[in-house]
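Take a look at the letters that make up each chain.
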Amino acid sequence: MIGFVRYGGVSAKLYALSGNLLTEDDYKNLLNQKSVPDIVRYLQSTKMYGDTLGTLNADQIHRRDLENLLEEDLLKDIKKIFSFFVTFDRNFMHLLFYRYEVENLKIAIRSVLNKEEYNINEMKRRFFDLGERSTIDPVKILGAKNQDEILDVLSGTPYQEVVRNAFASYKQTSPINLIGIVENALDSWLLAKTISASKNLGTSDQAIVKEIEGERADITDIEWLVRIKAFYDLKPEEAYNSLLPFHFRLRPDHLHAMCDSKGLKELVDVIKEGPYSDVYKELTEENALSRITLLGRRYLRLKAKGSITKLGNFSIATYFHYVLLKEFEIMDVATITEGVRYGIKPDEIKERLVIKL
C-alpha cells in the first residue's frame with residue numbers, strides 16, 4: 001500500500017514516457033539516414049523528441065548540438081518526474097541531480113588539467129543546465145589555471161574536500177592519470193552519499209538502490225581496472241584503494257584477485273571467472289580496451305529494461321528503468337549520428353550501439 005501511495009502517480013507517468021522510447025524499427029531507420037539533418041528530421045517525427053526538436057531547422061543543427069538538446073530533454077523529464085514524487089525523500093532526489101552536476105564538474109576539471117584550448121560558448125553547451133538546483137558554476141572552474149584555483153572556485157561546495165583529497169593522493173601514489181583519480185574520487189563520494197541517503201526510502205526501495213547502484217559500481221570498477229592494467233603501473237594495494245566504496249556482486253576476494261593480476265591478459269581471465277563472466281564472455285586481451293565499456297553498458301541496459309518486472313512497478317525501480325534506458329538511447333543516437341556523419345556503414349555502426357539489434 002505504501003508503494004502504491006508513493007508511486008501511483010509517478011508510475012503512470014513513467015509508463016507513458018517509457019512508451020515513447022525509440023523502437024527497434026526507429027533504430028534501423030536512423031541507421032539508414034544519409035546525413036545529420038536527416039537524423040534530426042526523423043527524430044522530429046518521434047513522440048520522444050518531437051517536442052524538443054520539432055520547431056528547429058534540421059539543416060542548422062550540428063551533431064554536438066543535437067546531443068546537447070537530447071540531454072536537456074532528459075533533464076526536463078527528470079524534473080517532471082520529481083514533481084510526482086510528492087511523498088519522497090528530498091535529500092535522495094537532490095543526489096540524483098548531483099549525478100549530472102558531477103558530470104559537469106568532471107568536464108570542467110578535465111579541461112583545466114589538460115590545459116585545453118576551448119571556445120567558451122561551445123563548452124557551455126556541453127554542460128547540463130541544472131538551473132536553481134546547481135551548486136557550482138562549471139564555467140567558473142574553466143577560468144582556473146591550476147589545482148589551487150580549482151579548489152578556490154569549489155570553496156563552500158561539497159566537492160572541495162573531495163577534489164582536494166584527490167589532488168593530495170595523486171602526489172602520494174605511483175604515476176597515474178590525475179584526471180582518473182579526481183573522477184574516481186567524485187564517483188566514490190556520490191555513490192557513498194546515494195547509498196547512505198537510500199536508508200530513508202524504506203527497506204524495499206533501499207534494496208533496489210543498492211542493487212542498481214551497486215551493479216553500476218561493479219561495472220565501473222571492472223572497466224577502471226582494465227584501464228589501470230593497460231596504461232598504469234599501479235601496485236595492487238593502490239589499485240584496490242582506488243575502487244568505489246560499494247559493490248553488489250563483486251566480493252572482496254574477487255576484487256583483490258583482479259587488482260593482484262599481472263597485466264591485462266591475466267585480468268581478463270580473472271574477470272571471466274567472476275560473477276560477470278556472462279557479461280564479458282567475448283572479452284580478450286586484444287579487444288579489452290575497445291569492448292569493455294560497451295559490454296558493461298549493454299548489461300546495465302538489459303538490467304534497466306527488466307527492472308520493473310523484477311523489482312516492482314510501485315517502487316523506485318520505475319525511475320531507474322526510464323532514466324537509464326533514455327540515457328543509453330541518447331548515447332546510441334549520438335553514436336549513429338557520428339557514424340552517419342563519417343559515412344560508416346550501418347552494420348558497423350550497429351556493432352557499436354548499446355542496444356543489440
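Before reading on, note that the structure itself is shown above.
Since the structure is predicted, the reported quantities are computational estimates derived from the model, not experimental observations.

(A) Structural context of the packing of helix H5 (residues 63-82) against helix H18 (residues 317-341). Viewed as axis vectors pointing N to C, H5 and H18 meet at an angle of 170°, and their least axial separation amounts to 10 Å. Classed by the angle they form, the pair H5 and H18 counts as roughly antiparallel. Residues Arg63, Leu66, Glu67, Leu70, Glu71, Asp73, Leu74, Asp77, Ile78, Ile81 and Phe82 of H5 pack against Tyr319, Tyr322, Val323, Lys326, Glu327, Ile330, Val333, Ala334, Thr337, Glu338 and Arg341 of H18. For the contact of H5 with H18, a count of residues per class yields 12 nonpolar, 1 polar and 9 charged.

(B) View of the packing of aromatic side chains. Taken as a whole and assessed by the stated rule, the structure comprises 7 aromatic pairs. Geometrically, the ring pair formed by Tyr98 and Tyr159 is edge-to-face, given 6.1 Å between the ring centres and 75° between the ring planes. Within this pair, whereas Tyr98 is found in helix H6 (residues 90-113), its partner Tyr159 is found in the loop between helix H9 (147-153) and helix H10 (160-172), the two being separated by 61 residues in sequence. For the pair Tyr98 and Tyr159, one class covers both residues: buried. When the centroid spacing of 5.2 Å and the interplanar angle of 65° are considered together, the rings of Tyr159 and Trp189 count as edge-to-face. Taken together, the residues span a long stretch of sequence, with Tyr159 in the loop between H9 and H10 and Trp189 in helix H11 (residues 178-197) at a distance of 30 residues. Among the aromatic residues, those joined into a cluster by ring pairs are Tyr98, Tyr159 and Trp189. Across the ring face of Tyr276, the terminal group of Arg249 is positioned such that the distance to the ring centre comes to 4.2 Å.

(C) Structural context of the environment of Gly19. Following the sequence through the fold, Gly19 ends up in the loop between helix H1 (2-18) and helix H2 (24-31). Through-space distance from the C-alpha of Gly19 to that of Gly263 is 45 Å; in sequence the pair is 244 residues apart.

(D) Representation of the pattern of salt bridges in the model. One pass over the full model with this rule turns up 20 salt bridges. Asp347 is paired through a salt bridge with Lys350; the nearest N and O atoms lie 3.8 Å apart. Of this pair, Asp347 and Lys350 both sit in helix H19 (residues 346-350), 3 residues apart, which is roughly one turn of that helix. Counted as one network, the salt bridges with shared partners bring together Glu211, Glu215, Arg249 and Lys303.

Cut-offs used in this document
- Residues numbered from 1 in each chain as written.
- Predicted model: local features only at pLDDT ≥ 70, side-chain atom pairs only at ≥ 80, totals over all residues.
- Heavy atoms only, no water.
- Axes fitted to C-alpha atoms, helices over the stretch in contact; angles between N-to-C directions.
- Helix = DSSP H or I, 4+ residues; strand = E, 2+ residues; numbered from the N terminus.
- Parallel < 35°, antiparallel > 145°, perpendicular 65-115°, else oblique.
- Contact = heavy atoms within 4.5 Å.
- Nonpolar A, V, L, I, M, F, W, Y, C, P; charged D, E, K, R; others polar.
- Phe/Tyr/Trp six-rings, centres within 6.5 Å; stacked < 30°, edge-to-face > 60°.
- Buried < 20%, exposed > 50% of the residue type's maximum accessible area, 1.4 Å probe, protein only.
- Lys NZ or Arg CZ within 6 Å of the ring centre and 35° of its normal.
- Salt bridge = Lys/Arg side-chain N within 4 Å of Asp/Glu carboxyl O.

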